[in-house]
Amino acid sequence: RRIPEVLQDDQLIDRGFFTSVPKPSSESSDVGLYPGLPFRSTRDQRVNKQTAPAPMLGAHTQEVIREWRTRPINFQATGIPKTSLPLEGINVLELCWWAAGPTLGQILGDLGATVIKVELREIGDPGRRITGDLDNLNRSPGFNALNRNKMSVTIDLSKPGGRDIFLQLAVWAD
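Residues numbered from 1 in each chain as written. Predicted model: local features only at pLDDT ≥ 70, side-chain atom pairs only at ≥ 80, totals over all residues. Heavy atoms only, no water.

(A) Layout of the overall build of the protein. Scanning the protein from terminus to terminus reveals six helices and seven strands. For the protein, the N- to C-terminal ordering of α and β elements is α-α-β-β-α-β-β-β-α-β-α-β-α. Every one of the 174 residues in the protein was classed for burial, and the buried ones make up 23%. For the protein, long-range pairs separated by at least 24 residues make up 49% of all intrachain contacts whose partners lie at least 6 apart in sequence. For the protein, the accessible surface area stands at approximately 12,800 Å², while carbon and sulfur atoms represent 58% of it. (Helix = DSSP H or I, 4+ residues; strand = E, 2+ residues; numbered from the N terminus. Buried < 20%, exposed > 50% of the residue type's maximum accessible area, 1.4 Å probe, protein only. Contact = heavy atoms within 4.5 Å. Areas by Shrake-Rupley, 256 points an atom, 1.4 Å probe, with all protein chains shown as cover.)

Here you go:
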(Lines give C-alpha, C1' and ligand atoms only; values in the text may rest on other atoms or scores of the structure.)
Protein backbone atom coordinates (compact mmCIF):
# COMPACT_ATOMS: atom_id res chain seq x y z
CA ARG A 1 0.00 0.00 0.00
CA ARG A 2 0.99 3.62 -0.46
CA ILE A 3 1.94 5.80 2.51
CA PRO A 4 -1.28 7.91 2.45
CA GLU A 5 -3.30 4.66 2.60
CA VAL A 6 -1.26 3.38 5.55
CA LEU A 7 -1.76 6.70 7.38
CA GLN A 8 -5.54 6.30 6.95
CA ASP A 9 -5.64 2.62 8.05
CA ASP A 10 -8.45 2.24 10.62
CA GLN A 11 -6.65 -0.38 12.70
CA LEU A 12 -3.48 1.71 13.04
CA ILE A 13 -5.49 4.84 13.85
CA ASP A 14 -7.64 3.04 16.46
CA ARG A 15 -4.60 1.70 18.32
CA GLY A 16 -2.86 5.08 18.18
CA PHE A 17 0.08 3.68 16.26
CA PHE A 18 1.24 6.97 14.77
CA THR A 19 2.72 9.64 17.03
CA SER A 20 3.06 13.37 16.41
CA VAL A 21 6.66 14.33 17.08
CA PRO A 22 8.41 17.67 16.51
CA LYS A 23 10.51 17.59 13.35
CA PRO A 24 14.22 17.43 14.26
CA SER A 25 15.41 19.94 11.70
CA SER A 26 12.62 22.45 12.20
CA GLU A 27 12.93 25.50 14.43
CA SER A 28 9.19 26.12 14.20
CA SER A 29 6.42 24.11 15.79
CA ASP A 30 6.16 21.71 12.82
CA VAL A 31 5.43 18.13 13.76
CA GLY A 32 5.84 14.93 11.82
CA LEU A 33 3.84 11.73 12.02
CA TYR A 34 6.10 8.87 13.14
CA PRO A 35 5.32 5.17 13.49
CA GLY A 36 4.80 4.23 17.11
CA LEU A 37 6.19 1.32 19.04
CA PRO A 38 5.35 -2.25 17.91
CA PHE A 39 4.14 -3.11 21.43
CA ARG A 40 2.83 -1.48 24.58
CA SER A 41 3.81 -2.21 28.17
CA THR A 42 1.44 -1.92 31.11
CA ARG A 43 4.33 -2.49 33.49
CA ASP A 44 6.89 0.08 32.37
CA GLN A 45 5.42 3.33 31.08
CA ARG A 46 8.86 4.49 29.86
CA VAL A 47 8.54 1.96 27.02
CA ASN A 48 5.31 3.58 25.79
CA LYS A 49 6.65 7.13 25.42
CA GLN A 50 7.94 8.46 22.16
CA THR A 51 7.89 12.22 22.42
CA ALA A 52 10.88 13.27 20.37
CA PRO A 53 12.49 12.23 17.12
CA ALA A 54 15.84 10.51 17.02
CA PRO A 55 18.62 13.02 17.62
CA MET A 56 20.55 14.49 14.72
CA LEU A 57 23.90 12.86 14.04
CA GLY A 58 26.41 14.08 16.64
CA ALA A 59 23.84 15.94 18.75
CA HIS A 60 24.65 14.05 21.97
CA THR A 61 28.02 12.47 21.22
CA GLN A 62 29.96 14.14 24.04
CA GLU A 63 27.18 13.45 26.58
CA VAL A 64 27.08 9.76 25.62
CA ILE A 65 30.86 9.41 25.77
CA ARG A 66 30.97 11.11 29.19
CA GLU A 67 28.25 8.80 30.55
CA TRP A 68 29.93 5.75 29.04
CA ARG A 69 33.25 6.57 30.69
CA THR A 70 31.74 7.11 34.16
CA ARG A 71 29.24 4.23 34.25
CA PRO A 72 30.29 1.22 36.34
CA ILE A 73 30.24 -2.02 34.39
CA ASN A 74 29.28 -5.32 36.02
CA PHE A 75 30.95 -8.28 34.34
CA GLN A 76 29.48 -11.76 34.19
CA ALA A 77 31.73 -14.79 34.58
CA THR A 78 32.18 -14.89 30.79
CA GLY A 79 33.65 -11.39 30.73
CA ILE A 80 30.71 -9.97 28.77
CA PRO A 81 29.37 -6.71 30.22
CA LYS A 82 26.02 -7.23 31.96
CA THR A 83 23.41 -4.71 30.97
CA SER A 84 19.78 -4.55 31.93
CA LEU A 85 17.10 -5.00 29.30
CA PRO A 86 13.62 -3.44 29.42
CA LEU A 87 11.73 -6.73 29.87
CA GLU A 88 14.02 -8.39 32.43
CA GLY A 89 11.89 -10.05 35.09
CA ILE A 90 8.96 -10.72 32.71
CA ASN A 91 8.09 -14.42 32.31
CA VAL A 92 6.52 -15.55 29.02
CA LEU A 93 5.03 -18.92 28.15
CA GLU A 94 5.06 -19.38 24.37
CA LEU A 95 2.61 -21.83 22.80
CA CYS A 96 3.19 -21.04 19.11
CA TRP A 97 4.32 -22.66 15.87
CA TRP A 98 5.83 -21.40 12.63
CA ALA A 99 6.54 -17.71 12.19
CA ALA A 100 4.30 -15.08 13.81
CA GLY A 101 4.18 -16.40 17.37
CA PRO A 102 7.83 -17.47 17.54
CA THR A 103 8.84 -14.06 16.14
CA LEU A 104 6.99 -12.31 18.97
CA GLY A 105 8.63 -14.64 21.51
CA GLN A 106 12.00 -13.90 19.91
CA ILE A 107 11.46 -10.14 20.26
CA LEU A 108 10.36 -10.51 23.89
CA GLY A 109 13.43 -12.67 24.61
CA ASP A 110 15.71 -10.18 22.84
CA LEU A 111 14.29 -7.47 25.12
CA GLY A 112 15.17 -9.51 28.22
CA ALA A 113 12.03 -11.52 29.01
CA THR A 114 12.43 -15.12 30.14
CA VAL A 115 10.63 -17.12 27.43
CA ILE A 116 9.76 -20.81 27.73
CA LYS A 117 8.51 -22.38 24.50
CA VAL A 118 6.20 -25.35 25.01
CA GLU A 119 6.31 -27.98 22.29
CA LEU A 120 4.07 -31.02 22.00
CA ARG A 121 5.81 -34.19 23.10
CA GLU A 122 4.71 -36.14 20.03
CA ILE A 123 5.89 -33.81 17.27
CA GLY A 124 7.67 -30.77 18.72
CA ASP A 125 7.54 -27.61 16.64
CA PRO A 126 7.08 -28.42 12.92
CA GLY A 127 9.49 -25.57 12.16
CA ARG A 128 12.33 -27.85 13.25
CA ARG A 129 11.73 -30.00 10.16
CA ILE A 130 11.72 -27.32 7.46
CA THR A 131 15.46 -27.06 6.88
CA GLY A 132 18.54 -28.62 8.32
CA ASP A 133 19.54 -32.07 9.45
CA LEU A 134 16.44 -34.28 9.93
CA ASP A 135 18.51 -36.61 12.12
CA ASN A 136 19.22 -33.73 14.51
CA LEU A 137 16.18 -31.47 14.83
CA ASN A 138 18.19 -28.94 16.87
CA ARG A 139 20.10 -27.91 13.75
CA SER A 140 17.39 -26.20 11.74
CA PRO A 141 18.71 -22.70 10.92
CA GLY A 142 15.25 -21.16 10.52
CA PHE A 143 13.96 -22.68 13.74
CA ASN A 144 17.06 -21.65 15.66
CA ALA A 145 16.88 -18.08 14.34
CA LEU A 146 13.24 -17.68 15.45
CA ASN A 147 13.78 -19.32 18.81
CA ARG A 148 16.93 -17.68 20.14
CA ASN A 149 16.83 -16.41 23.73
CA LYS A 150 14.24 -19.03 24.66
CA MET A 151 14.14 -22.15 26.74
CA SER A 152 12.16 -25.05 25.34
CA VAL A 153 10.30 -27.94 26.90
CA THR A 154 8.20 -30.75 25.43
CA ILE A 155 5.12 -31.73 27.40
CA ASP A 156 2.69 -34.61 26.87
CA LEU A 157 -0.58 -32.82 27.61
CA SER A 158 -2.54 -36.09 27.36
CA LYS A 159 -1.01 -37.25 30.66
CA PRO A 160 -2.06 -35.83 34.07
CA GLY A 161 1.60 -35.13 34.96
CA GLY A 162 2.03 -33.18 31.72
CA ARG A 163 -1.06 -31.11 32.41
CA ASP A 164 0.21 -30.39 35.95
CA ILE A 165 3.56 -29.17 34.61
CA PHE A 166 1.80 -27.01 32.04
CA LEU A 167 -0.46 -25.45 34.69
CA GLN A 168 2.56 -24.71 36.91
CA LEU A 169 4.21 -22.95 33.97
CA ALA A 170 1.02 -20.99 33.32
CA VAL A 171 1.01 -19.76 36.93
CA TRP A 172 4.71 -18.84 36.60
CA ALA A 173 4.15 -16.76 33.44
CA ASP A 174 3.15 -13.10 33.53
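(B) Quick look at a nonpolar patch on the surface. Nonpolar side chains collect at one region of the surface, where Trp97, Trp98, Leu120, Ile123, Ile130 and Leu157 lie side by side and expose about 560 Å² of accessible area between them. Looking at where Leu120 falls in the secondary structure, it is placed in strand 6 (residues 114-120). (Patch = residues over 30% accessible without salt bridge, like charges linked within 9 Å, V, L, I, M, F, W, Y side chains within 5 Å. Salt bridge = Lys/Arg side-chain N within 4 Å of Asp/Glu carboxyl O.)

(C) Summary view of the pattern of salt bridges. Under the criterion given, the structure shown has five salt bridges. Salt-bridge contacts for Lys117 lead to Glu94; the nearest nitrogen and oxygen are separated by 3.0 Å. Placement of Lys117 in strand 6 and of Glu94 in strand 5 (residues 91-94) is noted, with a sequence separation of 23 residues between them. Accessibility expressed as a relative area gives 1% for Lys117, which makes it buried. When its relative accessible area of 4% is taken as the criterion, Glu94 is described as buried. Here Lys117 makes a salt bridge to Asp125, at a shortest N to O gap of 2.9 Å.

(D) Examining the pairing of strand 5 more closely. Burial along strand 5 is two-sided: the residues Asn91 and Leu93 and Val92 and Glu94 are all buried. Sheet analysis places strand 5 next to strand 6, joined by four bridges and oriented parallel. When the bridges of strand 6 are listed, Leu93 appears paired with Ile116. Between strand 5 and its parallel partner strand 6, the chain crosses via helix 4 (residues 100-110), and the hand of that crossover is right-handed. (Pairing = 2+ DSSP bridges. Right-handed = clockwise from strand over helix to strand, strands pointing away.)

Fair warning: the whole summary comes from geometry, so function is off the table for now.
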